[in-house]
Amino acid sequence: MLDGLLVWMLLAGLPILPGVGVTCMFRCGERERRHMVWSAAVFLGALALWIGGNLLLGLFGLTWRGVSVGVLLGVVLVSGGVWITQALAFLLPNRDFPHLVLGFRWAAKGIVLLLAGAVLLIMPFLFAFACALIGDDARSVVEYQGQTLVEVDEGFLDPWYSYYVYCGPLVRGTERVQGGPTPIDGDSN
């Protein structure tokens, strides 16, 4: 039951917290605004590079490698967490909402704090889960029949090794060259 409540709080917090953060960003002082703008710029830049880059790479038959996705996902989650924390640091002690009744003001702050807590609590677990799904293909570059390939274990419970064309340390090809339940015998780089 507790896990279902936490999931609902996360789903409710994801659309509400950006609105609270944007409101706080426009109502806070110059120094706090500058910090929040930088956090938002890093978040949006990493998100645009991740999603937009993947769309652009897809046009050329390429995709991000696991390490690149892990780094971009980490930057998105950390900068988003910093931005939420900065918004809470402005919102919670602020008495700048005279149009709200005192009890409603405290109830709204409590709800926002609970939602932010749920989001900030679940983010590290989501990152760890995503990194486990993404996999680590940094050390799995092999030379096979004169071609450099990236080995990706795409199996869940049983290993399934897929091989893609190596295109650099950040990207790989999208078309599977070879695959099977056992790794190929090639020269590891």
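Scroll up to find the structure this text is about.
Residues numbered from 1 in each chain as written. Predicted model: local features only at pLDDT ≥ 70, side-chain atom pairs only at ≥ 80, totals over all residues. Heavy atoms only, no water.

J.: What is the right way to read the nonpolar core from this model?
T.: Taken as a class, soluble globular proteins show a tendency for nonpolar side chains to be buried jointly. Counting 22 residues, the largest nonpolar core has Leu 17, Cys 24, Met 36, Ile 84, Val 112 and Val 119 as the members making the most contacts within it. Considering every element that reaches this core, the biggest residue donor is helix H3 (residues 66-91), with 8 residues. Once residues within four sequence positions are removed from consideration, Leu 17 is found in contact with Trp 83, Ile 84, Val 112, Leu 115, Ala 116 and Val 119. Of all hydrophobic cores here, the second largest spans 8 residues; its members include Ala 46, Leu 62, Trp 64 and Val 171. (Core = buried A, V, L, I, M, F, W, Y, C linked by side-chain atoms within 4.5 Å. Buried < 20%, exposed > 50% of the residue type's maximum accessible area, 1.4 Å probe, protein only. Helix = DSSP H or I, 4+ residues; strand = E, 2+ residues; numbered from the N terminus. Contact = heavy atoms within 4.5 Å.)

J.: What is the right way to look at the pairing of strand S4 (residues 161-166) in this model?
T.: Note: strand S3 (residues 147-153) against S4, 5 bridges, orientation antiparallel. Across the sheet, residue Asp 153 finds its bridge partner in S4, namely Tyr 161. The sheet contact formed by S4 and strand S5 (residues 171-180) spans 5 bridges and is antiparallel. Bridging across to S5, Tyr 163 finds its partner in Gln 178. As consecutive antiparallel partners, S4 and S5 are separated by 4 residues, and within that stretch Gly 168 has a phi angle of approximately 140 degrees, a positive value. (Pairing = 2+ DSSP bridges.)

J.: Just to check I follow, could you spell out a nonpolar patch on the surface for this structure?
T.: A cluster of nonpolar side chains, namely Val 42, Val 67, Val 71 and Val 75, defines an oily patch on the protein surface of about 280 Å² accessible area. Counting through the fold element by element, Val 75 comes out in helix H3. (Patch = residues over 30% accessible without salt bridge, like charges linked within 9 Å, V, L, I, M, F, W, Y side chains within 5 Å. Areas by Shrake-Rupley, 256 points an atom, 1.4 Å probe, with all protein chains shown as cover. Salt bridge = Lys/Arg side-chain N within 4 Å of Asp/Glu carboxyl O.)

J.: Help me understand the environment of Gly 58, please; the structure alone is not making it clear to me.
T.: Of note, Gly 58 is situated in helix H2 (residues 30-59). Residue Gly 58 is classed as partly exposed on the basis of its relative accessible area of 45%. Spatially, the C-alpha atom of Gly 58 lies 7.8 Å from that of Thr 174, the residues being 116 residues apart in sequence.

J.: Would you explain the packing of aromatic side chains in this entry?
T.: The relation between two aromatic rings is expressed through the spacing of the ring centres and the mutual angle of the planes. Applying the stated criterion across every chain yields a total of 0 aromatic pairs. Over the aromatic face of Tyr 164 sits the side chain of Arg 172, whose NZ or CZ is 4.0 Å from the ring centroid. (Phe/Tyr/Trp six-rings, centres within 6.5 Å; stacked < 30°, edge-to-face > 60°. Lys NZ or Arg CZ within 6 Å of the ring centre and 35° of its normal.)

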